[in-house]
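Below, each chain spelled out in residue letters.
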Amino acid sequence: MDLRLLEHFLAVAKTGNITRAAEQLHVTQPTVSRQLTDLEEMLGTPLLIRGRRQVTLTDAGVLFQQRAEEILSLMDKTRRDLSEQGSQLSGTVSLGCVESCASRMLPEVLGEFSQRHPEVRYEIYSADGDDIWEKLDRGELDFGVLLEPIEAAKYDYIRLPYWETWGLLLRQDHPLAEKTAIGREELLSVPLSLPRREIVQDAIASWFGLEWNQLKVFAGHTLLNNAALLVEAGLCCAVCVGGAFAIRGGEQLCFRPFAPERTTGHVLAWKRNRVFHSAASAFRDYVREAKAVL
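First things first, this report covers the structure right here in the doc. Nothing here was measured: the structure is a model prediction, and the numbers come from that model.

Quick look at the side chain of D142
- Within the fold, D142 resides in the loop between α6 (129-138) and β5 (143-147).
- There is a polar contact of 3.0 Å between the side chain of D142 and the side chain of R274.
- Within the structure, the side chain of D142 is placed 3.5 Å from the side chain of H277, a separation counted as a polar contact.
- Apart from residues lying up to four places away in sequence, D142 is in contact with K77, T92, V93, S94, L136, A269, W270, R274, F276, H277 and A280.

Comments concerning the packing of aromatic side chains
- Here the structure, examined in full by the defined rule, presents 11 aromatic pairs.
- Seen in terms of ring centroids, F143 and W270 are 6.0 Å apart; in terms of plane orientation they differ by 85°. Their pairing is edge-to-face. Separated by 127 residues along the polypeptide, F143 in strand β5 and W270 in strand β11 (residues 263-271) bring together distant segments of the chain.
- You can call F143 buried: its relative accessible area is 0%.
- The class for W270 is buried, based on a relative accessible area of 5%.
- Chaining the aromatic ring pairs together yields one cluster made of F113, F143, W270, F276, F283 and Y286.
- The cationic tip of K135 hangs over the ring face of Y125; the distance from NZ or CZ to the ring centre is 5.0 Å.

Things to note about empty space enclosed by the protein
- Scanning the entire structure with this criterion turns up 1 cavity of 30 Å³ or more.
- Computed from the structure, the largest cavity encloses a volume of approximately 270 Å³.
- Lining the largest cavity are 20 residues, with D128, L147, W166, P195 and T222 sitting closest to its centre.
- When residues of the lining of the largest cavity are traced back to their parent elements, those giving at least two are α6, β5 and β9 (237-241).

Observations concerning the pattern of salt bridges
- Evaluated as defined, the whole model comprises 17 salt bridges.
- Between E70 and R67 there is a salt bridge, with its nearest N and O atoms 3.9 Å apart. Linking E70 with R67, this pair stays in helix α4 (residues 59-83), spanning 3 residues, or about one helical turn.
- A relative accessible area of 15% means that E70 is categorised as buried.

Quick notes on helix α3 (residues 29-43)
- For α3, spanning 15 residues, the distance from its first C-alpha to its last is 21 Å, which sits close to the expected 21 Å at 1.5 Å a residue.
- Where α3 is concerned, the buried positions are V32, Q35, L36, L39 and E40. With its buried residues spanning 135° around the axis, α3 presents them on a single face. Away from the buried face of α3 by more than 90 degrees, exposed residues E41 and M42 are located.
- Of the residues trailing α3, G44 is marked for its positive phi of about 75°.

Some words on unusual backbone geometry
- Following E148, the chain continues into P149 via a peptide bond in cis, with omega recorded as 10°.
- Assignment of secondary structure puts P149 in the loop between β5 and β6 (155-171).
- Along the chain, A259 connects to P260 via a cis peptide bond; the corresponding omega equals 0°.
- Phi angles above zero are rare outside glycine, and H26 is one such case at about 60°.
- When you line up the elements, H26 lands in the loop between α2 (18-25) and α3.
- Residue H26 is classed as exposed on the basis of its relative accessible area, which comes to 73%.
- You will see that N273, though not glycine, has its phi angle at about 70°, which is positive.
- In this fold, N273 is placed in the loop between β11 and α11 (278-290).

Thresholds, definitions, all that
Along each chain, residue indices are assigned from 1 in the same order as the chain's sequence is written. The model is predicted, so local features are restricted to residues of pLDDT at least 70 and side-chain atom pairs to those at 80 or more, both for listing and for counting; the totals for chains, interfaces and linings are taken over all residues. Note that the side-chain values use all heavy atoms of the structure and ignore hydrogens as well as water. Strands here are runs of E lasting at least two residues and helices are runs of H or I lasting at least four, both read from the DSSP assignment and numbered beginning at the N terminus. Under this definition, polar contacts are N or O atom pairs within 3.5 Å; protein pairs additionally need one hydrogen-donor-capable and one acceptor-capable atom, and for neighbouring residues in sequence, both atoms have to be side-chain atoms. Two residues form a contact once any of their heavy atoms are found within 4.5 Å. Think of it this way: a Phe, Tyr or Trp ring, Trp meaning its six-membered ring, pairs with another when their centres are within 6.5 Å, and the plane angle makes it stacked under 30 degrees, edge-to-face over 60, tilted otherwise. When accessible area is computed with a 1.4 Å probe and restricted to protein chains, residues below 20% of their type maximum are described as buried, those above 50% as exposed, and intermediate ones as partly exposed. Remark: a charge is flagged as sitting over a ring if the NZ atom of Lys or the CZ atom of Arg is within 6 Å of the ring centre and within 35 degrees of the ring normal. A cavity, in this analysis, means grid points on a 1 Å lattice covering only the protein atoms where a 1.4 Å probe fits yet has no way out; a pocket is instead an open set bounded by protein on both sides within 12 Å along at least five of seven lines, and a residue lines either one if it has an atom within 4 Å of a point. Grid points are joined across faces, edges and corners, and a volume is the space filled by probe spheres set on the points. In what follows, salt bridge is the name for a side-chain nitrogen of Lys or Arg lying within 4 Å of a carboxyl oxygen of Asp or Glu. Each helix should span, by expectation, one fewer than its residue count multiplied by 1.5 Å. The arc in question is the one traced by the directions running from the helix axis out to the C-beta atoms.

The structure is reproduced here in structure tokens:
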């Protein structure tokens, strides 16, 4: 499939109008219309609902838009990786990172690596673990800084010397803020915002010997920022790691660890059998050498 076909489809999806898309693409409107018809015939399903003044996406069109964006993003990264090979180490290292105490390693590690290789650039992607794993699988990220556990059959990794403690994010004036730690009964007594990762949810239930119907689940969250706003509004308390709160801060909020204490480690992970460009390969080797002194 010609990549220009994907670009033209995305232009129509963005503008909602074939004529405006054609103007932006500097091609004729009949050309774009014909390409869209050919694309729908090729895929065997309608992608657009054509109105008098605008077009909207069908359900299949929404899915295809997502896939087209992923394909073009991956192609752009591939072109960049191939073009940045040379005698002077250069290129772009793409790195996903969860919100945790390990976020604080980025300035130190990237700063020292950049002193050695000043031509290398970086793309930093902040998300929860599920999003980062998906982008690693699709090849959109070189590495992910992630909380354990990981699927050892699918990924290679370097364990990092950072440990996180799980607990509860509370308002400073919440009655549980007077506690030094949060136990089973306290967890059962309040509405909660929980991380969306199922593996984390299962771990929380296992830690306290709970069934899900025993918890007062108010919301789910990926990154902590929006969940913290719910906590500030007094709507719930948020289950999180202490490092996520530490890098966010907030005078109205406080963090209390679980009792018994629950901790988890970090890894720098990448997809198994991934062939790296030179900058990414050098970065992986640098982290492997440097982790003992981080």
